[in-house]
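A look at the structure
Chain by chain, the residues:
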Amino acid sequence: MQINHLLEENSIAGKFVAQLRDTEIQKDRMRFRRNIERLGEILGYELSKTLKFTSKNINTPLGNAEVQLPETQVALCSILRAGLPLHNGLLNYFDDAENSFISAYRHHPTNDENFEIVVEYLASPSLEGKTLILADPMLATGRSFVNVMKALEHMGKPKEIHLVAVIGAEEGIAHVAEEFPADTKLWIATIDKELNDRGYIVPGLGDAGDLCYGGKLQH
């Protein structure tokens with residue numbers, strides 16, 4: 001798997017990641033969602049450089065211009081809930097993409113550190129022969145990405161797969177690399193080293209879904 005680590009070089013994206021992590025700033029849910037959306041736009045821009053383009057002549061008010069336009073058929077798939085603002089950021093740039101939505105959540109059957117990833121809801125077009133962009137802001141254990149990809153298998157085989165995340169843990173990235181095709185590309189803003197006993201990224205930023213949309217009842 002090819003890993004594209006955005007903050008290996010300093011950029012304005014580092015400011016948005018810092019605000020996502022900051023316990024004071026992240027109390028503002030609107031700003032939290034917008035910062036994830038911004039990072040989706042930046043990661044989508046970087047990803048777009050790898051897509052296939054074709055030449056086209058267009059008319060301007062003063063003449064004729066040759067332009068390069070993407071010809072790749074893109075399908076965006078986000079993991080609910082936290083994936084929605086990241087999806088919106090990607091959709092701002094890939095505005096003619098088809099869209100998939102899937103739910104994946106952590107279920108702690110014994111209310112301890114052990115959990116399973118449960119996938120319940122899926123709405124998707126055919127993915128056959130398309131460029132699939134799978135978005136989830138937090139790549140912790142990597143099990144959400146893996147289980148979601150398994151759930152999408154009956155929707156057709158994508159031509160290529162791109163994973164987009166804001167923060168990931170080294171352990172989760174290694175797991176995804178083992179489970180996904182070797183030519184999969186990961187686009188990620190920043191990478192942390194550790195997971196805690198409950199499978200959350202450290203230092204991370206907390207629960208991205210709750211910070212975007214508020215707390216939830218456990219079930």
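For the structure itself, consult the block above.
Below is a summary of the structure that appears in this document. (Residues numbered from 1 in each chain as written. Predicted model: local features only at pLDDT ≥ 70, side-chain atom pairs only at ≥ 80, totals over all residues. Heavy atoms only, no water.)

**With respect to the packing of helix H1 (residues 13–21) against helix H2 (residues 29–48)**
- Closest axis-to-axis distance for the H1/H2 pair is 9 Å, and the angle between their directions is 150°. The angle between the axes of H1 and H2 places the two elements in the roughly antiparallel class. In this structure, the crossing between H1 and H2 has a hand that is left-handed. Each of Ala13, Phe16, Val17, Gln19 and Leu20 in H1 lies in contact with H2, whose residues at this interface are Arg31, Phe32, Asn35, Ile36, Arg38, Leu39 and Ile42. (Axes fitted to C-alpha atoms, helices over the stretch in contact; angles between N-to-C directions. Helix = DSSP H or I, 4+ residues; strand = E, 2+ residues; numbered from the N terminus. Parallel < 35°, antiparallel > 145°, perpendicular 65-115°, else oblique. Left-handed = near helix turned anticlockwise from the far one by under 90°. Contact = heavy atoms within 4.5 Å.)

**Observations concerning the packing of H2 against helix H3 (residues 83–93)**
- For the pair H2 and H3, the least separation of the axes is 7 Å and the interaxial angle reads 45°. Classified by the interaxial angle, the pair formed by H2 and H3 is oblique. Two packed elements cross with a definite hand, and for H2 against H3 that hand is right-handed. Side by side, H2 and H3 meet where Arg33, Ile36, Glu37, Gly40, Glu41, Gly44 and Tyr45 of the first sit next to Pro85, Leu86, Asn88, Gly89, Leu90, Asn92 and Tyr93 of the second.

**Some words on unusual backbone geometry**
- A cis amide bond, omega 0°, links Leu80 with the succeeding residue Arg81.
- If you trace the backbone, Arg81 turns up in the loop between strand E4 (74–80) and H3.
- With an omega of 5°, the peptide bond running from Val202 to Pro203 counts as cis.
- Its place among the elements puts Pro203 in the loop between strand E12 (201–202) and helix H6 (208–213).

**Regarding the side chain of Thr190**
- Tracing the chain through its elements places Thr190 in strand E10 (residues 185–192).
- In this structure Thr190 comes out as buried when scored by relative accessible area, which is 11%. (Buried < 20%, exposed > 50% of the residue type's maximum accessible area, 1.4 Å probe, protein only.)

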